[in-house]
Amino acid sequence: MKSPPGSTLLEENAELHARLEEAEEMLRAIRGGEVDALVVESAAGPQVYALQGLDAATNRFRGEILAQVSDAVVAVDSEERIIYLNAAAERLYGLTASGALGQRLSKIHMSRWLHPEDEGAATTALRERGEWRGENVHIRHDGREMNVESGVTVLRDTAGQPTGMLAVIRDVTERKEHEDKVLVSEIRYRRLFETAHDGVLLLDPGTRKIIDANPFMTQLLGYPHNQLVGKELFEIGLLKDEAASQEMVRTLQRTKQVRYENLPLESQTGRHQEVEVVANLYDENGRYVIQCNIRDITERKRSEEHVKLLMAEVNHRAKNLLAVVQAVANLTLKYGDPATFAARLSDRIDGLAAGQDLLVKNQWQGVETADLVDAQLAHFKDLIGTRVLIQGPRARLTMAAAQGIGMALHELATNAAKYGALSNLQGQVRIAWRIIAATKPAFSISWLEDGGPKVGTPTRKGFGQIVIGRMAEAAVEGSTEIIFREKGLSWTLSAPVENVLASAILGI
């Protein structure tokens, strides 16, 4: 009589359940050191597996490892067929014991070694010592990868022949990810430490001695690394003396940070520098460390001093310019028509401003004569090259010369437009300058008008004549010649080269 269809399956399940209970009982016995071997029923009959070891104490120790059910425990025979796995192994590999028993190990996972030589080392350890401990990657049947830490022991029969292996496996994926993050962080910190363009010193708060220094600090001080380590800050010239070093540590213990805005520092080679120091006290994994960041501010200090000098110079020049403006205003009012005072003053200040713009553009290092002429005759730029002819070599004027000559050119151009050669459609102006080679080289600039209305000698001396005469002469300590020719005004200014030019001219 045949059994009902479902009864066979129930019987098989009951038999499998009984075997699993036997396996768990076996692990409990191993943990208690009651047995030194595993007995597994197989198609060939009962098989006995002895744990590799020389005494029961070793076996009991391994039994304790196997009993840690939070770790996966897997046993395989000599053909790598699974003969046992615990509940933790089922959870780790995402399968059931009923589906895995009798299957090859590759059924539940594949392995990938972390380094090419690891597989050979594991094989050698199992062959020679009967056990191996290490890490690799297990790839589950669903493709998920896990970093695992495994302890594998060779199983032997009563005759001492290897018949399989027992593995205790722990998932360390999260730990590895954390370690990798820590490693990346350490590498990043080390790179920052080594490539920083500020000096970095690490000190022991207890001894106040340097325990590490980055490469930039060794370059800054001219000390090799091994000579910096073990010294206090005052011994490398960073603080005044030992008392100052002690005070820094006391302050750090209270405030956690100390800043020194400006400290003198002398390198081992004798180079003097100014540095800014920021010291911090922080906890490094339960141990306090002082970190000092040292920035070389020598160039910054020089720049600050330079800016101070420039500001003082600008202030001085501004006062001089205001004095000139005041003089122009007073003389314009004194010698001019009160009705046109505002317009004439504004026009003359515009001329001064044009010269100032050129000086600022050239960072107060002087002005090319040609640029000054172009700036003061900007209103006549369409006539330059036709009715306004300009000729002369490159010659950089000093600030004072540019101011004096610029005002004179502006006054001459204004007068020419109103009364002289530029007041009609035929007149011309020739502006020329030259450097006269002699025992005492001289600079000469001239303004020559032709073709304008008939010129007569003025009956009174106005402010314009003062500008092109006395004021121009005073600017360069030179002399002027003003001739009221019938066919046009002629003006010439001559002065020693050193009073006019900002730098020596080659070839004179």
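Note that the structure is a prediction, hence the values are computed from the model and not measured. (Residues numbered from 1 in each chain as written. Predicted model: local features only at pLDDT ≥ 70, side-chain atom pairs only at ≥ 80, totals over all residues. Heavy atoms only, no water.)

Let's talk about the overall build of the protein
Part 1 of the reasoning: When helices and strands are counted, the protein shows 15 helices and 20 strands.
Part 2 of the reasoning: Burial status across the protein gives 39% buried among its 508 residues.
Part 3 of the reasoning: Surface exposure of the protein reaches about 28900 Å², of which carbon and sulfur atoms provide 53%. (Helix = DSSP H or I, 4+ residues; strand = E, 2+ residues; numbered from the N terminus. Buried < 20%, exposed > 50% of the residue type's maximum accessible area, 1.4 Å probe, protein only. Areas by Shrake-Rupley, 256 points an atom, 1.4 Å probe, with all protein chains shown as cover.)

Some details on the packing of helix H12 (residues 369-376) against helix H13 (residues 399-418)
Part 1 of the reasoning: Between H12 and H13, whose axes approach to 9 Å, the crossing angle comes to 40 degrees. In the packing of H12 onto H13, the handedness of the crossing is right-handed. Contacts from Leu 372, Val 373 and Gln 376 in H12 reach Ala 402, Ile 405, Gly 406, Leu 409, His 410 and Ala 413 in H13. (Axes fitted to C-alpha atoms, helices over the stretch in contact; angles between N-to-C directions. Left-handed = near helix turned anticlockwise from the far one by under 90°. Contact = heavy atoms within 4.5 Å.)

Points about the sheet that holds strand S19 (residues 479-485)
Part 1 of the reasoning: One open sheet accounts for 5 strands, arranged S15-S17-S18-S20-S19; its pairing is mixed. Edge positions in the sheet fall to strand S15 (388-391) and S19, since each has one partner strand and no second. On average, each strand axis in the sheet is inclined to that of its neighbour by 10 degrees, with strand direction left out of account.
Part 2 of the reasoning: The sheet contacts of H12 involve S15, strand S17 (428-436) and strand S18 (442-450), and relative to S17 the element is tilted by about 160 degrees. (Pairing = 2+ DSSP bridges.)

With respect to the packing of aromatic side chains
Part 1 of the reasoning: A full pass over the atoms with the stated rule returns 1 aromatic pair.
Part 2 of the reasoning: With centroids separated by 5.6 Å and ring planes inclined at 70 degrees, the aromatic side chains of Trp 113 and Trp 132 adopt a geometry described as edge-to-face. Of this pair, Trp 113 sits in the loop between strand S5 (109-112) and helix H5 (118-128) while Trp 132 sits in strand S6 (residues 131-140), and the two are 19 residues apart along the sequence.
Part 3 of the reasoning: Residue Trp 113 is classed as partly exposed on the basis of its relative accessible area of 25%.
Part 4 of the reasoning: On the basis of relative accessibility, which here comes to 12%, the residue Trp 132 falls in the buried class. (Phe/Tyr/Trp six-rings, centres within 6.5 Å; stacked < 30°, edge-to-face > 60°.)

Focus on the nonpolar core
Part 1 of the reasoning: Core analysis: the biggest nonpolar cluster contains 35 residues, and Leu 397, Ile 405, Phe 443, Trp 447 and Trp 491 have the highest contact counts within it.
Part 2 of the reasoning: Looking at this core, the elements with two or more residues in it are H12, H13, S17, S18, helix H14 (463-476), strand S20 (488-496) and helix H15 (497-500).
Part 3 of the reasoning: Tallying contributions element by element places H13 first for this core, with 8 residues.
Part 4 of the reasoning: Those residues in contact with Ile 405, other than ones at most four positions away along the chain, are Leu 372, Leu 397, Phe 443, Ile 445 and Leu 493.
Part 5 of the reasoning: Core analysis: the second largest hydrophobic core is formed by 27 residues, Leu 203, Phe 216, Met 217 and Leu 233 among them. (Core = buried A, V, L, I, M, F, W, Y, C linked by side-chain atoms within 4.5 Å.)

What about H12?
Part 1 of the reasoning: Those residues of H12 lying buried are Thr 369, Leu 372, Val 373 and Gln 376. For H12, the arc enclosing every buried residue in end-on projection is 100 degrees, short of the 170-degree limit, so these residues lie on one face. (Arc of directions from axis to C-beta.)

What to know about the side chain of Arg 208
Part 1 of the reasoning: Structurally, Arg 208 is set in the loop between strand S9 (199-203) and strand S10 (210-213).
Part 2 of the reasoning: Owing to a relative accessible area of 15%, Arg 208 belongs among the buried residues under this scheme.
Part 3 of the reasoning: A distance of 3.0 Å separates polar atoms of two side chains, one belonging to Arg 208 and the other to Glu 232.
Part 4 of the reasoning: Dropping the residues within four chain positions of it, Arg 208 is found in contact with Leu 203, Lys 231, Glu 232, Leu 233, Glu 242, Ser 245, Gln 246 and Val 249. (Polar contact = N/O pair within 3.5 Å; in protein donor to acceptor, adjacent residues only side chain to side chain.)

Looking at unusual backbone geometry
Glycine aside, the phi torsion of most residues is negative, and most peptide linkages are trans.
Part 1 of the reasoning: One non-glycine residue, Glu 80, adopts positive backbone phi at about 60 degrees.
Part 2 of the reasoning: Note on placement: Glu 80 falls in the loop between strand S3 (72-77) and strand S4 (82-85).
Part 3 of the reasoning: Positive phi, close to 70 degrees, is recorded for Lys 256, a residue that is not glycine.
Part 4 of the reasoning: Summarising the element assignment, Lys 256 is placed in the loop between helix H9 (242-255) and strand S11 (257-266).
Part 5 of the reasoning: Taking the relative accessible area as the measure of exposure, Lys 256 reaches 37% and is therefore partly exposed.

A few points about the environment of Gly 464
Part 1 of the reasoning: The residue Gly 464 is located in helix H14 in this model.
Part 2 of the reasoning: Considered as a pair, Gly 464 and Met 407 are 57 residues apart in the sequence and their alpha carbons are 9.6 Å apart.

What about the pairing of strand S8 (residues 162-171)?
Side chains on a regular strand alternate between the two faces of the sheet.
Part 1 of the reasoning: Where S3 lies against S8, 6 bridges are found, and the strand directions are antiparallel. Opposite Asp 77, over in S8, you have Gly 164 as the bridge partner.
Part 2 of the reasoning: Bridge count between strand S7 (residues 145-156) and S8: 9 bridges; the pairing is antiparallel. Bridging from a neighbouring strand, Glu 149 pairs with Arg 170 of S8.
Part 3 of the reasoning: Hairpin connection from S7 to S8: 5 residues lie between these consecutive antiparallel strands, with Gly 160 at a positive phi of about 85 degrees.

Overview of H9
Part 1 of the reasoning: With 14 residues, H9 should cover 20 Å at 1.5 Å per step; its first-to-last C-alpha distance of 20 Å lies within 8% of that length.
Part 2 of the reasoning: Lys 256 sits one or two positions beyond H9 and adopts a positive phi of about 70 degrees. (Expected span 1.5 Å × (residues − 1).)

Examining the pattern of salt bridges
Part 1 of the reasoning: Considering all chains together, one arrives at 20 salt bridges under this definition.
Part 2 of the reasoning: Its salt-bridge partner being Glu 368, residue Arg 396 comes within 3.8 Å of it at the nearest N-O pair. Remark: Glu 368 occurs in strand S14 (residues 367-368) and Arg 396 occurs in strand S16 (residues 396-397); sequence separation between them is 28 residues.
Part 3 of the reasoning: Note on Glu 368: relative accessible area 12%, which makes it buried.
Part 4 of the reasoning: The salt bridge involving Glu 486 is made with Lys 454; its shortest N-O contact spans 3.8 Å. (Salt bridge = Lys/Arg side-chain N within 4 Å of Asp/Glu carboxyl O.)

Observations concerning the confidence of the model for the protein
Part 1 of the reasoning: In the predicted model, the protein carries a mean pLDDT of 79, and 73% of its residues have values of at least 70.
Part 2 of the reasoning: Every residue in residues 504-508 scores below 50 in pLDDT, and together they form 5 contacts with partners more than four places removed in sequence or on other chains. (pLDDT = per-residue confidence, 0-100.)

With respect to the pairing of S10
Part 1 of the reasoning: The pairing of S9 with S10 spans 3 bridges and is classified as antiparallel. Within S10, the residue paired with Leu 203 across the bridge is Ile 210.
Part 2 of the reasoning: Where S9 hands over to S10, the hairpin turn is made up of 6 residues, of which Arg 208 adopts a positive phi near 65 degrees.

Things to note about the environment of Thr 298
Part 1 of the reasoning: Mapping Thr 298 onto the fold places it in helix H10 (residues 298-335).
Part 2 of the reasoning: Sequence spacing of Thr 298 and Gln 273 is 25 residues, and the spatial spacing of their C-alpha atoms is 5.5 Å.
Part 3 of the reasoning: Excluding its chain neighbours within four sequence positions, the residues that come into contact with Thr 298 are Gln 273 and Glu 274.

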